[in-house]
Amino acid sequence: MEKSRQNIAVEQCLIRRLKIKYTLIILSLILGGCGSETSRTLRHADSVMEEHPDSAMTILSSIDRHTLKDSDLPYFALLYTQAQVKTDVPLDSDSLIS
């Protein structure tokens with residue numbers, strides 16, 4: 001049985017949509033993996049925070065706060081404060097965000 005032109009056009013449209021969808025998924029996966037070394041270091045500190053807060057504190061202490069991007073600074077401040085609380089380091093001030 002021969003397909004009508006309309007069915008062929010619909011199939012081609014669906015194939016184009018699938019190609020676009022898969023291309024966008026692949027691009028988002030590739031770009032999602034991109035990030036600065038500092039961002040990856042912050043995520044690593046976050047991942048060890050619950051079980052090893054002392055290790056998270058060591059990782060965070062190795063980061064030079066003055067080189068942080070504006071977008072990483074709040075995340076750093078949050079993680080650093082969490083590490084201080086979990087390792088019983090006294091909280092002196094909020095100088096990380098001022």
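Here, the structure is the one placed above.
This report concerns the structure included in the present document. Sequence order as written defines the numbering, with residues in each chain counted from 1. Totals for whole chains, interfaces and linings use every residue, but because this is a predicted model, local features are given only for residues with pLDDT of at least 70 and side-chain atom pairs only at 80 or more, for both listing and counting. Side-chain descriptors were evaluated using all non-hydrogen atoms of the structure, hydrogens and water having been removed beforehand.

### Some points on the packing of helix 3 (residues 53–61) against helix 4 (residues 73–86)
As a reminder, the rule being used: Axis geometry follows a simple rule: fit a line to the C-alpha atoms, using only the stretch in contact for helices, then measure angles between N-to-C directions, giving values from 0 to 180 degrees. Each helix is a run of H or I in the DSSP string that is no shorter than four residues. Each strand is a run of E no shorter than two, and both are numbered from the N terminus. In what follows, roughly perpendicular refers to angles from 65 to 115 degrees, roughly parallel to angles under 35, roughly antiparallel to angles over 145, and oblique to any angle outside these ranges. For a crossing to be left-handed, the near helix must be turned anticlockwise from the far one by less than a right angle; the clockwise case is right-handed. Any two residues having at least one pair of non-hydrogen atoms within 4.5 Å are treated as being in contact. Think of it as three bins: nonpolar holds Ala, Val, Leu, Ile, Met, Phe, Trp, Tyr, Cys and Pro, charged holds Asp, Glu, Lys and Arg, and polar takes everything else, Gly as well.
For the pair helix 3 and helix 4, the least separation of the axes is 9 Å and the interaxial angle reads 140 degrees. Of the possible angle classes, the one that applies to helix 3 and helix 4 is oblique. With respect to the hand of their crossing, helix 3 and helix 4 are arranged in left-handed fashion. Contact residues: P53, M57, L60 and S61 in helix 3; F76, L79, Y80, A83, Q84 and K86 in helix 4. Broken down by class, the residue content of the contact of helix 3 with helix 4 amounts to seven nonpolar, two polar and one charged.

### Notes on the packing of aromatic side chains
Basically, it comes down to this: Aromatic contacts are taken between Phe, Tyr and Trp rings whose centres are within 6.5 Å, Trp giving its six-membered ring; a plane angle under 30 degrees counts as stacked, one over 60 as edge-to-face, and the others as tilted. Between buried and exposed lies partly exposed: a residue is buried under 20% and exposed over 50% of the maximum accessible area for its type, with that area taken using a 1.4 Å probe on protein chains only.
Summed over all chains, the structure comprises one aromatic pair. Summarising the aromatic geometry, the rings of F76 and Y80 are spaced 5.6 Å apart at their centres and angled 25 degrees between planes, so their arrangement reads as stacked. Remark: Y80 and F76 occur in helix 4; sequence separation between them is four residues, near one turn of the helix. On the basis of relative accessible area, F76 is assigned to the buried category, the value being 0%. Judged by relative accessible area, Y80 falls into the buried class, the value being 14%.

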